[in-house]
Amino acid sequence: MRSAHIDGRLVIKARRGYLDAAEASGQRFGPDPQSAFDDWEAFSSWTREFLASPDAATAPLVGTDDSTKWGPPVPRPTQIFAVGLNYRDHIAEAKLEVPTEPAIFAKFRASLTGHESAVTLPEGLVDWEAELVVVIGRYCYRATRETAWSYVAGLTVGQDLSERRMQLAGPAPQYGLAKSYPGFAPLGPELVSADEFADPDDLELGCRLEGGEVLQKSRTSRMVFDVPEIITYVSAVCPLLPGDVVFTGTPAGVGVGRTPPKFLAPGDVLVTWIEGIGTLRNPMLAQASEA
Ligand code: ZN
């Protein structure tokens, strides 16, 4: 199943297009997209039943056009985890050792934004990081590899945008802040349940500049720590809560690892895709000059 956040409301995807979850469910679910995670199990079983029913064929569609405001499929997660150095090719370009345990850090939720949302570039060197993003569907503490996928509501496309100057200035990496400027965590457009994939652990992902070169292209099967391993590792310490977000790391091709280095500039449009999930598009804007 696929859900999204359109013009502030939770929508589900039928074959014909998007349907408003609150209207279709007689106000049982939505309209707040975050409320789907209050009881994801109930929401997903209702969605599947509704989409299979004759009502799905006649429900009014939520249209989308250039003026559509796409929000992140998860607008207010309690926690956002991220994994650093999780693809061997990216570790090699960073000239670092393959870690023996996942390198976990946090992004802050004020950085979330959606598909087609512009990102205002702050001062510094802003880099791209295409990532598979996992969204948690139910309370998850001390998961095992075998149970890990059962806690996942779905997958979405994300960018872990990073301002490298701040990130790398101090004696220890400043991940949390340098990756949490407004708009530095675009997600979307859709949240897709894991049963939509033949193998959710092996998806092509990448990003490119619109009208320009492919910047990153890899497969999620090349992660050092796969999704079950990440969930097991984090949930051994922190319970993962319904609606929490986990960025799973980026493959090779980031700007800071290039010779010469390359970063995002005003006017660039960053296009990020994951096979079977969708394509996330984010234009980059210059900072407004001070009056
Ligand atoms: Zn990252």
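Here is what the cut-offs are and how they apply
- Residues numbered from 1 in each chain as written.
- Predicted model: local features only at pLDDT ≥ 70, side-chain atom pairs only at ≥ 80, totals over all residues.
- Heavy atoms only, no water.
- Helix = DSSP H or I, 4+ residues; strand = E, 2+ residues; numbered from the N terminus.
- Buried < 20%, exposed > 50% of the residue type's maximum accessible area, 1.4 Å probe, protein only.
- Contact = heavy atoms within 4.5 Å.
- Areas by Shrake-Rupley, 256 points an atom, 1.4 Å probe, with all protein chains shown as cover.
- Core = buried A, V, L, I, M, F, W, Y, C linked by side-chain atoms within 4.5 Å.
- Pairing = 2+ DSSP bridges.
- Disulfide = S-S within 2.5 Å.
- Domains from an automatic or database assignment.
- Buried area = accessible area lost by both parts, 1.4 Å probe.
- Salt bridge = Lys/Arg side-chain N within 4 Å of Asp/Glu carboxyl O.
- Polar contact = N/O pair within 3.5 Å; in protein donor to acceptor, adjacent residues only side chain to side chain.
- Nonpolar A, V, L, I, M, F, W, Y, C, P; charged D, E, K, R; others polar.

**Q** Before we move on, can you summarise the overall build of the protein with the specific residues and values?
**A** Helix and strand counts for the protein stand at seven helices and 18 strands. Once the C-alpha set of the protein is aligned to its principal axes, its extents read approximately 55 × 50 × 30 Å. Residue burial in the protein is summarised as follows: out of 291 residues, 54% are buried. Across the protein, every contact between residues at least 6 apart in sequence was considered, and the portion connecting residues at least 24 apart equals 75%. Counting only carbon and sulfur atoms, one obtains 52% of the accessible surface of the protein, whose full area is about 12,800 Å².

**Q** Kindly report on the nonpolar core, identifying the contributing residues and their values.
**A** With 33 residues, the main nonpolar core has L132, V134, L155, I231, L240 and I277 as its most contacted residues. Those elements giving two or more residues to this core turn out to be strand 5 (80–84), strand 10 (130–136), strand 11 (152–159) and helix 7 (227–235). Looking at this core, the element that brings in the most residues is helix 7, giving four residues. In contact with L132, other than residues within four places in its own chain, are L155, T156, L203, L205, T220, M223, V227, V246, F247, T248, I274 and I277. In terms of nonpolar packing, the next biggest core, distinct from the first, is built from 29 residues, W40, V135, A153 and L191 among them.

**Q** Provide a residue-level description of the sheet that holds strand 14 (residues 204–209), including the pertinent values.
**A** If you trace the five strands from one edge of the open sheet to the other, you get 8-18-17-14-15, paired in mixed fashion. Across the chains shown, the open sheet's two edge strands, defined by having one partner strand only, are strand 8 (119–120) and strand 15 (214–219).

**Q** So, the pairing of strand 5: which residues are in play, and what are the values?
**A** Counting buried residues in strand 5 gives five out of five residues, a clear majority hidden from the surface. Of the two faces of strand 5, the one lined by I80, A82 and G84 and the one lined by F81 and V83 are each fully buried. Across four bridges, the pairing between strand 5 and strand 6 (residues 103–106) is antiparallel. Within the sheet, the bridge partner assigned to G84 lies in strand 6 and is A103.

**Q** Before we move on, can you summarise the environment of V152 with the specific residues and values?
**A** Residue placement: V152 occurs in strand 11. Counting along the chain gives 69 residues from V152 to S221, while the straight-line C-alpha distance between them is 17 Å.

**Q** Explain helix 7 to me, and be specific about the residues and the numbers.
**A** Most of helix 7 sits inside the fold, with seven of its nine residues counted as buried. Where helix 7 is buried, its residues touch strand 5, strand 6, strand 10, strand 11 and strand 16 (245–247).

**Q** Pulling in residues and values, what's your account of the state of the cysteines?
**A** By the definition in use, this model includes zero disulfides. C140 takes part in no disulfide bond, and the closest cysteine sulfur, belonging to C238, lies 11 Å away. Overall, C140 belongs to the buried group, its relative accessible area being 0%.

**Q** How would you summarise the pairing of strand 17 (residues 269–274) if you had to cite specific residues and measurements?
**A** For strand 17, the buried fraction is high: six of the six residues fall into the buried class. By the alternation rule, side chains of strand 17 split into V269, V271 and W273 and L270, T272 and I274, which are all buried. Judged from the five bridges that link them, strand 14 and strand 17 form a sheet pairing that is antiparallel. For L205, the partnering residue across the bridge sits in strand 17 and is I274. Inspection of the sheet shows strand 17 paired to strand 18 (residues 278–285) by six bridges, in the antiparallel sense.

**Q** Explain the domain arrangement of the protein to me, and be specific about the residues and the numbers.
**A** According to the domain assignment, the protein consists of domain 1 (2–62) and domain 2 (80–285). Between domain 1 and domain 2, the C-alpha centre-to-centre distance is 27 Å. Counting residues at the interface gives nine residues for domain 1 and 15 residues for domain 2. Summed over both partners, the interface of domain 1 with domain 2 buries about 960 Å², with 42% contributed by carbon and sulfur atoms. Interface area lost by domain 1 to domain 2 is led by R2, F37 and W40, which between them contribute 62%. On inspection of domain 1 and its partner domain 2, the count reaches three salt bridges. The shortest N-O distance in the salt bridge between E190 and K13 comes to 2.9 Å. Across the contact surface, domain 1 and domain 2 share eight residue pairs in polar contact (both at pLDDT 80 or more). Contributing elements (two or more residues each) for the side of domain 1 that touches domain 2: strand 1 (2–6) and helix 2 (40–52). With three residues, the single largest contributor to the side of domain 1 that touches domain 2 is strand 1. Looking at the side of domain 1 that touches domain 2 residue by residue, the classes come out as four nonpolar, two polar and three charged.

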